[in-house]
Amino acid sequence: MIVGMFYPQPSPTGKCAEAYVDLLKDQYDISVICVADTDRKPYTYNGKNVFPASGNYMLFQNWLKKSNAPQLIQNVAKVPVHIVNRFTQPNLLYSYAAAAERQLRKIHKENTVDVIFSVGAPMAAHVAAWRFRKKFPQVQWINYTVDSYAAQNRNGPQAQRALAFEKEILGDSDWVLFSEEVYNNNQALYADYTEKCSALPYLMPPTPIVELQESYFDSAKINLVYAGRFYKTIRNPEYLLQLAMEMDDRCVLHLYCQSDCDGLINDYVARSRGKIVRHDPVSVDEIQRIYTQADILVSVGNNTPEFMPSKTFEYIASGKPIINVFYPGLKDAVLEQYPLALQLERDTSIQVGGEMLCNFIQNTQYKQLTRERIDVIFHKHSAANIKKILVERIRQR
């Protein structure tokens, strides 16, 4: 399996990949090739054989960062790659494709590879598999795309090149799997080879286990939690922050986030009189513990239909009430099935939205869906169903 960031802090696609490895590891001997920030040797993590791969440029960039080189020098070092990026594919992880392919050839030499499963983003994972497959056409290749490379570059100068490039790469594989939102909203990507394409539903994670632990919040308050990233252009937090200012003083919105709009967030935090609190991002394990103590979970949708916030199914698995802010026309279809969800369109006035928010908080703050009910509603996202789909594709050579 070729993925992006996998350990110790996996990317959203890395987390998907890890879940699939856990489903299949008792039936298949699986090795994972992933992005590494250092020149690490292979290692074992939770019973998984992991082979880090780093291109020279990636190692150089990480060395600059860890050596606390001035930001100006770090930015200057990126200029040649940005120039090259205008004429090559696939973006700044180009060197990872070469490194991952080298690592795959080493594994194949020592222990014959029967099936490659590449997970994108990054697109470089698919490129590595594509190059390897050209040299070893007898090896089966299945690719799975959660974040489309063409969609990421839709508004850039290379939009048509990106689409043509992704179609060429994916079309050379034996089976093409897409997340449901990519499959439903980007038919142009696979119109030429629909017979070997299908959607792979997201796997519903286990419900976080409640255990004795430190208290993260003031239990006298109603604690709302947002976990994830904000982006100024595709997942802007301002409407959510405006709504939070309308909450009564018993409510606190906790943001465990990174963003490219820190100034905006920090301004609202400063003016909120304690209604909005920003925390440093935490580990995957710790955020699960935080979910168990939250009263309500908060999501902000993207302005592109192909990209679903990665926390959606983690939120649902908790059984907690969920508030989702969405862009006009992009209501979350998954959360439409969830009984304890409030979806607020950004066009809704702050006064009306604030009233809806407060009423929802008042009516659901102590409610929680059982796991049995979740599994009935979202049965196609069960481990058994996902494993069945994956095994069928592996066996259909």
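What this report covers is the structure whose coordinates are included nearby.

The rules behind the values
Residues numbered from 1 in each chain as written. Predicted model: local features only at pLDDT ≥ 70, side-chain atom pairs only at ≥ 80, totals over all residues. Heavy atoms only, no water. Helix = DSSP H or I, 4+ residues; strand = E, 2+ residues; numbered from the N terminus. Contact = heavy atoms within 4.5 Å. Salt bridge = Lys/Arg side-chain N within 4 Å of Asp/Glu carboxyl O. Buried < 20%, exposed > 50% of the residue type's maximum accessible area, 1.4 Å probe, protein only. Phe/Tyr/Trp six-rings, centres within 6.5 Å; stacked < 30°, edge-to-face > 60°. Pairing = 2+ DSSP bridges. Axes fitted to C-alpha atoms, helices over the stretch in contact; angles between N-to-C directions. Core = buried A, V, L, I, M, F, W, Y, C linked by side-chain atoms within 4.5 Å. Parallel < 35°, antiparallel > 145°, perpendicular 65-115°, else oblique. Nonpolar A, V, L, I, M, F, W, Y, C, P; charged D, E, K, R; others polar.

1. Re the environment of Met308
Logical step 1: Its location among the elements puts Met308 in the loop between β11 (296–300) and α12 (312–318).
Logical step 2: Remark: the alpha-carbon pair of Met308 and Asp332, spanning 24 residues in sequence, is separated by 8.4 Å.
Logical step 3: Contacts of Met308, omitting those with residues within four sequence positions, involve Glu181, Tyr202, Asn302, Phe313 and Val334.

2. Let's talk about the pattern of salt bridges
Logical step 1: Scanning the entire structure with this criterion turns up 14 salt bridges.
Logical step 2: Taking the shortest distance from any N to any O, the salt bridge between Glu314 and Lys15 comes out at 2.3 Å. Of the two residues, Glu314 is situated in helix α12 and Lys15 in helix α1 (residues 12–24); the sequence distance between them amounts to 299 residues.
Logical step 3: Judged by its relative accessible area of 23%, Lys15 is partly exposed.
Logical step 4: For Glu101, the salt bridge is made with Arg105, and the minimal N-O distance between the two is 3.4 Å. Taken together, the residues Glu101 and Arg105, both in helix α4 (residues 94–110) and four residues apart, mark about one turn of the helix.
Logical step 5: Here the salt bridges do not stand alone but share partners, grouping Glu101, Arg105 and Lys135 into one network.

3. Quick look at the packing of aromatic side chains
Here a ring pair, both rings aromatic, is described through the centre-centre distance and the interplanar angle of the planes.
Logical step 1: Applying the stated criterion across every chain, the model contains nine aromatic pairs.
Logical step 2: Centre to centre, the rings of Tyr226 and Phe230 are 4.2 Å apart; their planes meet at 10°, and the pair counts as stacked. Accessibility classification places Tyr226 together with Phe230 in one group, the buried group.
Logical step 3: Ring centres of Tyr291 and Tyr315 lie 5.6 Å apart, and the angle between their planes is 90°; this geometry places the pair in the edge-to-face category.

4. Examining the environment of Ala188
Logical step 1: The topology assignment puts Ala188 in the loop between α8 (180–185) and β7 (197–199).
Logical step 2: Its relative accessible area of 45% is what places Ala188 among the partly exposed residues.
Logical step 3: Taking C-alpha positions, Ala188 is 8.6 Å from Leu163, a pair spaced 25 residues apart along the chain.

5. Some remarks on unusual backbone geometry
Logical step 1: Even without being a glycine, Arg273 presents a positive backbone phi close to 55°.
Logical step 2: Relative to the assigned elements, Arg273 resides in the loop between α10 (262–271) and β10 (276–279).

6. Describing the sheet that holds strand β1 (residues 31–35)
Logical step 1: A sheet is described by the order of its strands in space; here three strands give the open sequence β1-β3-β2, paired in mixed fashion. Here the strands that pair on one side only, and so sit at the sheet edges, are β1 and β2 (43–45). Each adjacent strand pair in this sheet contributes to an overall mean axis angle of 45°, direction not counted.
Logical step 2: Both β1 and strand β3 (residues 48–53) contribute to a ladder of five bridges, which runs parallel. Its bridge partner lying in β3, Ser31 is registered against Asn49.

7. Thoughts on the nonpolar core
Logical step 1: Ranked by size, the top nonpolar core spans 82 residues in total, and within it Tyr20, Tyr144, Leu224, Phe230, Leu255, Ile316 and Ile361 carry the most contacts.
Logical step 2: In this structure, Leu224 is in contact with Met247, Cys251, Val252, Leu253, His254, Ile296, Val298, Ile323 and Ile361, ignoring residues within four places of it in sequence.
Logical step 3: Counting 27 residues, the second-largest nonpolar core is a separate cluster that includes Ile2, Tyr96, Val113 and Val139.

8. Digging into the sheet that holds strand β4 (residues 115–120)
Logical step 1: If you trace the four strands from one edge of the open sheet to the other, you get β4-β5-β6-β7, paired in parallel fashion. In this open sheet, the two edge strands, each paired with only one partner strand, are β4 and β7. Taken over all neighbouring pairs, the strand axes of this sheet differ in orientation by 20° on average, direction set aside.
Logical step 2: Pairing geometry for β4 and strand β5 (residues 140–145), over six bridges, is parallel. Of the residues in β5, the one forming a bridge with Val119 is Tyr144.
Logical step 3: Where helix α7 (residues 159–171) meets the sheet, its contacts fall on β5 and β6 (175–178), and the angle it forms with β5 comes to roughly 140°.

9. Some remarks on the packing of helix α9 (residues 238–245) against α10
Logical step 1: Contact geometry for α9 and α10: axes closest at 10 Å, N-to-C directions at 0°. Here α9 lies roughly parallel to α10, going by the angle between them. Side by side, α9 and α10 meet where Glu238, Leu241, Gln242 and Met245 of the first sit next to Leu264, Ile265, Tyr268 and Arg271 of the second.
Logical step 2: Of the residues that constitute the contact of α9 with α10, the class distribution is five nonpolar, one polar and two charged.

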